[in-house]
Amino acid sequence: MGEKSRKGGWCGWIIVLIVVAAAAGAIVVLVKKKHNGSSPDAAPVPGPPGSPTKKYADALKTAMQFFDVQKSGKLVNNKISWRGDSAVKDGSPAKLDLSKGMYDAGDHMKFGFPMAYTATVLSWAILEYGDQMKVVDQLEPAQDSLKWITDYLINAHPKDNVLYIQVGDPDADHKCWDRPEDMTEERPLIQINASVPGTEVAAETAAAMAAASLVFKSSDSAYSSDLLKHSKQLFTFADKYRGSYSENIPEVATYYNSTGYGDELLWAASWLYHATGDQSYYDYATGKNADSFGNFGNPTWFSWDNKLAGTQVLLSRVSFFDSKGTSNSETLQEYRKTAEAVMCGLLPKSPTATSSRTDSGLIWISEWNALQHPVASAFLAVLYSDYMLTSRTAKITCNGDAYTPSDLRKFAISQADYVLGDNPSKMSYLVGYGDNYPQYVHHRGASIPEDADTSCKDGWKWLDSTEPNPNVATGALVGGPFLNETYIDSRNNSMQAEPTTYNSAVIVGLLSGLVTTSSVVQSFT
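Keep in mind that what you see is a predicted model, and the values were worked out from it rather than measured.

Visitor: Go over the state of the cysteines with me, naming the residues and quoting the values.
Guide: Here the structure, examined in full by the defined rule, presents two disulfides. What pairs with Cys176 in a disulfide is Cys456, and their sulfur atoms sit 1.9 Å apart. With the S-S dihedral at roughly -85 degrees, the linkage between Cys176 and Cys456 falls on the left-handed side. Taken together, the residues Cys176 in the loop between helix H5 (170-173) and strand E3 (189-192) and Cys456 in the loop between helix H17 (444-447) and helix H18 (460-464) connect sequence positions 280 residues apart. Note on Cys176: relative accessible area 3%, which makes it buried. Sulfur-sulfur distance for the disulfide between Cys344 and Cys398 comes to 2.0 Å. The sign of the S-S torsion, about -80 degrees, decides the handedness of the disulfide formed by Cys344 and Cys398: left-handed. Placement of Cys344 in helix H14 (residues 329-346) and of Cys398 in strand E4 (residues 396-398) is noted, with a sequence separation of 54 residues between them.

So this is what it looks like as structure tokens:
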């Protein structure tokens with residue numbers, strides 16, 4: 001009897017102590033959660049950049065060079081031996097200097113819409129991963145290439161409501177096969193203005209300038225301020241005079257047809273909010289315009305034409321790191337939920353995984369320029385993974401199944417590795433990387449010997465030549481494989497063999513995110 005009583009007493013005290021300890025632990029967890037919103041089962045926050053992964057470091061150094069290949073104007077510190085000055089009189093019909101900027105692809109056109117997108121994405125990559133670029137000596141080249149574009153964009157905006165959006169006549173340009181240094185054809189200009197608006201290209205240019213203003217804020221405050229001034233003016237122009245440039249200038253639709261301008265308005269407002277901290281831009285992106293253009297709950301593909309997925313990830317950044325006191329918090333969560341729906345669609349084992357893939361797992365959406373979508377998607381995935389890690393967010397949920405930041409990074413790595421040669425053809429689609437890459441890239445300058453005396457019409461022999469390109473378009477990301485994962489290495493195969501400058505922006509962003517690991521900054525300012 002006595003023995004039993006003693007045992008019962010000890011048990012009682014033990015139970016009391018366990019309950020007290022559990023309560024204390026719960027209080028600690030609650031305090032921690034209130035303090036930083038993190039999850040107790042989340043992975044540790046990464047520190048400063050670690051040792052680079054050689055494969056991605058080498059690939060990043062290669063990819064960065066294509067911006068130099070594509071430069072127009074009077075070249076400075078030219079690193080491409082077979083390139084020289086070109087198009088130095090661009091803009092002269094309007095008494096403007098539009099000599100800088102970059103050629104769009106394998107031709108000699110300057111299309112403002114995809115060029116501005118190139119600048120926005122390159123800026124984003126620098127802002128998120130500049131410290132990782134710096135580890136492998138690629139931050140300065142990235143900034144130099146960005147400034148080559150933004151110098152052009154500033155000059156292309158001579159008045160508040162005027163923006164020059166194209167240099168060159170694509171029909172005339174495509175009747176020639178010549179080196180850019182030897183061009184003699186006319187270089188007419190196209191502008192948008194209050195009478196002939198082009199909301200999507202004005203807004204994309206505003207986004208590019210806002211993002212770039214953040215890149216140069218600490219190194220060149222005057223230049224940064226100038227970019228921001230132009231950005232604000234262009235955003236006001238884009239919003240006040242709404243209209244699609246594809247509808248108002250039908251000839252542009254042949255090459256870069258826009259499917260709508262609402263996404264660019266949200267994208268530009270989001271970048272201006274990051275650049276200024278001005279609540280009005282946040283309210284623009286999360287108010288009635290979000291209702292009109294947000295398309296919440298419907299994942300989309302990030303591209304030069306559609307910025308919704310990019311906007312959703314960019315505004316998720318606010319949700320992860322800066323949501324205190326922000327208005328329209330329900331709408332902000334809609335952006336984040338849709339960003340997570342995008343991520344769930346990318347993860348191959350998710351219940352909502354997209355079926356738009358090759359047998360080897362490459363995201364595949366379009367025959368033309370097939371690699372744009374998987375690389376852009378992988379860039380967004382590595383960004384979202386790093387937002388989760390830095391905020392100590394343990395998981396996202398896809399129809400009840402949980403996935404971690406590591407799962408997103410593995411997806412991004414799978415797409416990058418496919419591009420770099422881990423594919424059925426064992427071919428690197430990044431020209432100049434590895435031992436087996438395309439030799440017949442659809443690119444005029446690369447296909448014509450540097451010392452050839454070639455004019456517009458007699459250069460076609462170089463397009464039809466059976467010899468590999470005499471010049472390597474180092475860093476070019478070609479269009480990529482068909483759905484059956486075959487690739488025809490032919491100069492006449494522009495569908496697969498033509499690189500684009502905006503492809504370079506997304507591959508540079510992706511590789512910069514993978515070259516090593518570190519926490520992302522919680523604010524760009």
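There is more to say, and it comes next.
Visitor: I'd like a rundown of the pairing of E3, residues and numbers included.
Guide: Only one face of E3 is covered, namely the one carrying Ile190 and Ile192; the face carrying Leu189 and Gln191 has none of its residues buried. Here four bridges tie strand E2 (residues 163-167) to E3, and the two strands are oriented antiparallel to one another. Bridge pairing links Val167 to Leu189 in E3.

Visitor: Break down the pattern of salt bridges for me, citing the residues and quoting the values.
Guide: Under the definition given, this model contains 21 salt bridges. The partner of Asp58 in a salt bridge is Lys54, and the shortest N-O contact between them spans 2.5 Å. Placement of the pair is Asp58 and Lys54 together in helix H2 (residues 54-70), with a separation of four residues, close to one helical turn. A relative accessible area of 27% places Asp58 in the partly exposed class. Ionic pairing is found between Glu340 and Arg336, a salt bridge with its closest N-O pair at 3.6 Å. A residue pair is termed a helical-turn pair when its members lie 3 or 4 positions apart in one helix, as Glu340 and Arg336 do in helix H14 at four residues. One continuous salt-bridge network, built from bridges that share partners, spans Arg83, Arg179, Glu181 and Asp182.

Thresholds applied
Residues numbered from 1 in each chain as written. Predicted model: local features only at pLDDT ≥ 70, side-chain atom pairs only at ≥ 80, totals over all residues. Heavy atoms only, no water. Disulfide = S-S within 2.5 Å. Helix = DSSP H or I, 4+ residues; strand = E, 2+ residues; numbered from the N terminus. Buried < 20%, exposed > 50% of the residue type's maximum accessible area, 1.4 Å probe, protein only. Pairing = 2+ DSSP bridges. Salt bridge = Lys/Arg side-chain N within 4 Å of Asp/Glu carboxyl O.

Interpretation in functional terms is not warranted from these geometric data alone.
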